[in-house]
Amino acid sequence: MVKEILPGIFQMQVPLPKSPLKATNSYVILDHSRPLVIDTAFNRPECHETFLLLLKEIGLTPEAVDFFITHLHADHLGLAVALARDGTTIYFNEPDLPLARPAKSYWERMGRIYEQHGLPLQDSLEAITRHPGRIYGPQMDFPYTIVRDGDVLHRGPYSLRCVQTPGHTPGHMCLLVEGHDVLFCGDHMLGDITPNITMWVEMADPLGRYLESLDKVMRLRLRRVLTGHRSAIEDSEGRIRELKAHHEHRLQEVIAALQDGEKDAATITPLITWDLRYDFWEDVHPVQKLFATGETIAHIQHLEATGIVQSTLRDGRILHNLAED
Ligand SMILES: [Zn+2]
């Protein structure tokens, strides 16, 4: 589906097969020289075919366009490299760059870190094998053009300012349509689901960084937020307050889980409320378990950064306790 959302700016919804996210919203800004496409979809044949058809509806071909990718996740970056031709520019942020196409050793290292947090190595390696980010990412390296916070791109009548919002990924980058109070926000904010905030080797206290990034976007006083999935957000300030309350609630759940003593992240995770359907935690899909544990770790790390929780490594396991007053 294609719709014009501002003069010369189109939204294309690219379905993501078997994904609860349903589709990625890709945006196209027309320009007499090089139109700009913001975000793509998974690098898989179904997405590729649809993407070409949607571009054609706007009268464009991949040869004619450049790309701006908000963050490293495969449902945004995956297809860009496959669509790129000679002379294509793909704008991308620097902190996410080493993670655009991680080596096998990176995933093994992540598996061992999750093992220290209490997830059996076999389970996390199995989850990683099925992880869409590993399967549908770019199949080759690319000479990305690095953009930094405050950089401005010009397309058609629009000035587009890069607004870095670390948290969802280490270098997540939004794009502000200056003078229109409209933000292309990737996965920094979503309307009816909460963006995943997880642990990163590359970023200390990701939740702390994310909450700071929400404050940064609050200061932009936006009229409209164009999200990477599902519907746009019309009340940006209200949504920011909801997202902050969501994380505050989850932080309180982690504190409550530690009231009766020391635990690792994998033990705390089933004690937290998740938006998942299950009767027994053992039945939850390994990929969902990995995501949930990553999210728990990010919350624990924030409690650690704010002095509420203490963590110790003992016999290869990372254990958490409420800090003494
Ligand atoms: Zn994402």
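Residues numbered from 1 in each chain as written. Predicted model: local features only at pLDDT ≥ 70, side-chain atom pairs only at ≥ 80, totals over all residues.

**A word on the overall build of the protein chain**
Right, on to step 1. Looking only at helices and strands, the protein chain features nine helices and 14 strands.
Right, on to step 2. The C-alpha atoms of the protein chain give a radius of gyration of 20 Å, which matches the 20 Å a tight globule of 325 residues would have.
Right, on to step 3. Taken over 325 residues, the protein chain has a buried fraction of 41%. (Helix = DSSP H or I, 4+ residues; strand = E, 2+ residues; numbered from the N terminus. Rg over C-alpha atoms; globule rule 2.2 N^0.38 Å. Buried ≥ 20, exposed ≤ 12 C-beta atoms within 10 Å, placed from the backbone.)

**Digging into the domain arrangement of the protein chain**
Right, on to step 1. The domain boundaries assigned to the protein chain delineate domain 1 (1-100 + 137-234) and domain 2 (102-130 + 257-325).
Right, on to step 2. Computed from C-alpha atoms alone, the centre-to-centre distance between domain 1 and domain 2 is 29 Å.
Right, on to step 3. Counting residues at the interface gives nine residues for domain 1 and 10 residues for domain 2.
Right, on to step 4. Per-class residue counts for the side of domain 1 that touches domain 2 are five nonpolar, three polar and one charged. (Domains from an automatic or database assignment. Contact = placed C-beta atoms within 7 Å. Nonpolar A, V, L, I, M, F, W, Y, C, P; charged D, E, K, R; others polar.)

**So, the sheet that holds strand β12 (residues 224-227)**
Right, on to step 1. Within the open sheet, the five strands sit side by side as β8-β9-β10-β11-β12. Their pairing is mixed. With partners counted over all chains shown, the strands left at the sheet margins are β8 (152-155) and β12, one partner each. For this sheet, the mean inter-axis angle between neighbouring strands, taken without regard to orientation, is 25°.
Right, on to step 2. Sheet topology places strand β11 (residues 182-186) next to β12; four bridges connect them, and they run parallel. Looking at β12, one finds that Val-182 is bridged to Arg-224. (Pairing = 2+ DSSP bridges. Axes fitted to C-alpha atoms, helices over the stretch in contact; angles between N-to-C directions.)

**Here's the deal with the environment of Glu-57**
Right, on to step 1. Relative to the helices and strands, Glu-57 is located in helix α1 (residues 45-57).
Right, on to step 2. Overall, the presence of 12 C-beta atoms within 10 Å leaves Glu-57 in the exposed class.

**Examining the environment of Asp-151**
Right, on to step 1. Looking at the secondary structure, you find Asp-151 in the loop between β7 (145-147) and β8.
Right, on to step 2. Overall, Asp-151 belongs to the partly exposed group, with 16 C-beta atoms counted inside 10 Å.
Right, on to step 3. Expressed as a C-alpha distance, the spacing of Asp-151 and Thr-61, which sit 90 residues apart in the sequence, is 26 Å.

**Thoughts on unusual backbone geometry**
Right, on to step 1. Despite not being glycine, Lys-22 shows a phi value in the positive range, around 70°.
Right, on to step 2. Exposure remark for Lys-22: the 11 C-beta atoms within 10 Å place this residue in the exposed category.
Right, on to step 3. Phi is positive for Asp-39, which is not a glycine, with a value near 70°.
Right, on to step 4. Tracing the sequence through the fold places Asp-39 in the loop between β4 (36-38) and α1.
Right, on to step 5. Exposure remark for Asp-39: the 27 C-beta atoms within 10 Å place this residue in the buried category.

**Quick notes on α1**
Right, on to step 1. Its 13 residues place the ends of α1 19 Å apart at the C-alpha level, agreeing with the 18 Å of an ideal helix rising 1.5 Å per residue.
Right, on to step 2. Those residues of α1 that sit buried are Cys-47, Phe-51, Leu-54 and Leu-55. Here the buried residues of α1 occupy an arc of 100° about the axis, which is enough to place them on one side. Within α1, the exposed residues directed more than 90 degrees away from the buried face are Pro-45, Glu-49, Leu-53, Lys-56 and Glu-57.
Right, on to step 3. In this structure, the buried residues of α1 make contact with β1 (2-6), β2 (9-15) and α2 (74-83).
Right, on to step 4. Phi turns positive, to about 85°, at Gly-59, one or two residues after α1. (Expected span 1.5 Å × (residues − 1). Arc of directions from axis to C-beta.)

**As for the nonpolar core**
A general trend in soluble globular proteins is that nonpolar side chains are found buried together.
Right, on to step 1. Grouped together as the largest cluster of nonpolar side chains are 79 residues, with contacts concentrated most on Phe-51, Phe-67, Ile-69, Ala-80, Ile-90, Cys-174 and Leu-183.
Right, on to step 2. At six residues, α2 tops the list of elements feeding residues into this core.
Right, on to step 3. When residues of this core are assigned to domains, at least three fall in each of domain 1 (1-100 + 137-234) and domain 2 (102-130 + 257-325).
Right, on to step 4. Setting aside residues no more than four positions away along its own chain, Leu-183 makes contact with Cys-174, Leu-176, Val-217, Leu-220, Leu-222, Val-225 and Leu-226. (Core = buried A, V, L, I, M, F, W, Y, C linked by C-beta atoms within 7 Å.)

**Section: the sheet that holds β4**
Right, on to step 1. Spatial ordering of the open sheet is given by β1-β2-β3-β4-β5-β6-β7, a layout of seven strands whose pairing is mixed. With partners counted over all chains shown, the strands left at the sheet margins are β1 and β7, one partner each. Put simply, the sheet's adjacent strands are angled 30° from each other on average, direction ignored.
Right, on to step 2. Across three bridges, strand β3 (residues 23-29) lies against β4 in antiparallel orientation. Across the sheet, the residue bridging to Val-28 is Val-37, located in β4.
Right, on to step 3. Across the sheet, α1 is in contact with β1 and β2; its angle to β2 comes to roughly 155°.

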